[in-house]
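Next come the chains, spelled out residue by residue.
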Amino acid sequence: VQLQASGGGLVQAGGSLRLSCAASGRTFSSYAMGWFRQAPGKEREFVAGIYWSGGSTYYADSVKGRFTISRDNAKNTVYLQMNSLKPEDTAVYYCAASYTPSSSTSRMDYWGKGTQVTVSS
């Protein structure tokens, strides 16, 4: 599967952004999906994940209550709604697909190119 993330940009602290990740292929619903991020000089870290049908979601503690992951299997797209953004959310955000749900970068089977999110103070 090929993944393409979009929707990043520059936003002030307290603002919102919605990221999208479009997937190619007809088997999108076979994959659990996740969002990860990587800030300069830091390792890539888990942000949010969603099960195949979208019935279950899970989040990193740092974004819980502020970010919401969702998916539309009819559109082969996964979303990340980011509210109450903070400067520390600044990073390149990546979407990823895996056969089993996981928060580990090493368990992801496919990665998309990232989209930059910059939050100014």
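The structure contained in this document is the topic of the report that follows. This one's a predicted model, so the numbers in the text were calculated from it and none came from an experiment.

Cut-offs and rules
Residues numbered from 1 in each chain as written. Predicted model: local features only at pLDDT ≥ 70, side-chain atom pairs only at ≥ 80, totals over all residues. Heavy atoms only, no water. Disulfide = S-S within 2.5 Å. Helix = DSSP H or I, 4+ residues; strand = E, 2+ residues; numbered from the N terminus. Buried < 20%, exposed > 50% of the residue type's maximum accessible area, 1.4 Å probe, protein only. Core = buried A, V, L, I, M, F, W, Y, C linked by side-chain atoms within 4.5 Å. Pairing = 2+ DSSP bridges. Phe/Tyr/Trp six-rings, centres within 6.5 Å; stacked < 30°, edge-to-face > 60°. Lys NZ or Arg CZ within 6 Å of the ring centre and 35° of its normal. Polar contact = N/O pair within 3.5 Å; in protein donor to acceptor, adjacent residues only side chain to side chain. Contact = heavy atoms within 4.5 Å. Axes fitted to C-alpha atoms, helices over the stretch in contact; angles between N-to-C directions.

Our next topic: the state of the cysteines. Counting across every chain of the model gives one disulfide. The disulfide bridge from Cys 21 ends at Cys 95, spanning 2.0 Å between sulfur atoms. Judged by the torsion about the S-S bond (60°), the Cys 21/Cys 95 disulfide is right-handed. In this pair, Cys 21 sits in strand 3 (residues 17-23) while Cys 95 sits in strand 9 (residues 91-98), placing the two residues 74 residues apart along the sequence. Here Cys 95 falls in the buried class, since its relative accessible area comes to 0%.

Here the focus is the nonpolar core. Counting 35 residues, the largest nonpolar core has Met 33, Trp 35, Leu 80, Met 82 and Tyr 93 as its most contacted members. The greatest single-element share of this core, amounting to five residues, is contributed by strand 9.

Our next topic: the pairing of strand 3. Burial analysis of strand 3 places five of its seven residues in the buried class, the great majority of the element. Of the pairings in the sheet, the one linking strand 1 (residues 3-6) to strand 3 comprises four bridges and is antiparallel in character. Paired with Leu 3 across the bridge in strand 3 is Ala 23. Of the pairings in the sheet, the one linking strand 3 to strand 8 (residues 77-82) comprises six bridges and is antiparallel in character. Pairing of Cys 21 across the sheet is with Val 78, part of strand 8.

Bringing the packing of aromatic side chains into the picture now. Taken as a whole and judged by the stated rule, the model has nine aromatic pairs. Ring centres 6.0 Å apart and planes at 90° place the aromatic pair Tyr 51 and Tyr 58 in the edge-to-face group. Three or more aromatic residues joined by ring pairs make a cluster, and in this case those are Phe 36, Phe 46, Tyr 51, Trp 52, Tyr 58, Tyr 94 and Trp 111. Its end group placed over the ring of Tyr 94, Arg 44 keeps NZ or CZ at 3.7 Å from the ring centre. The ring of Trp 111 has Arg 44 sitting right over it, with the charged end atom 4.7 Å from the ring centre.

Moving on: the side chain of Thr 77. Within the element layout of this structure, Thr 77 appears in strand 8. Here Lys 75 takes part through its backbone oxygen, which lies 2.8 Å from a polar atom of the side chain of Thr 77. Those residues in contact with Thr 77 that sit more than four places away from it in its chain are Ser 20, Cys 21, Ala 22, Phe 28, Arg 71 and Asp 72.

This part covers the sheet that holds strand 1. Adjacent strands of a sheet pair through backbone hydrogen bonds, lying either parallel or antiparallel. Spatially, the four strands line up as an open sheet ordered 1-3-8-7, and their pairing is antiparallel. Each end of this open sheet is capped by a strand with a single partner; those strands are strand 1 and strand 7 (67-72). The sheet shows a mean angle of 15° between the axes of neighbouring strands, direction not considered.

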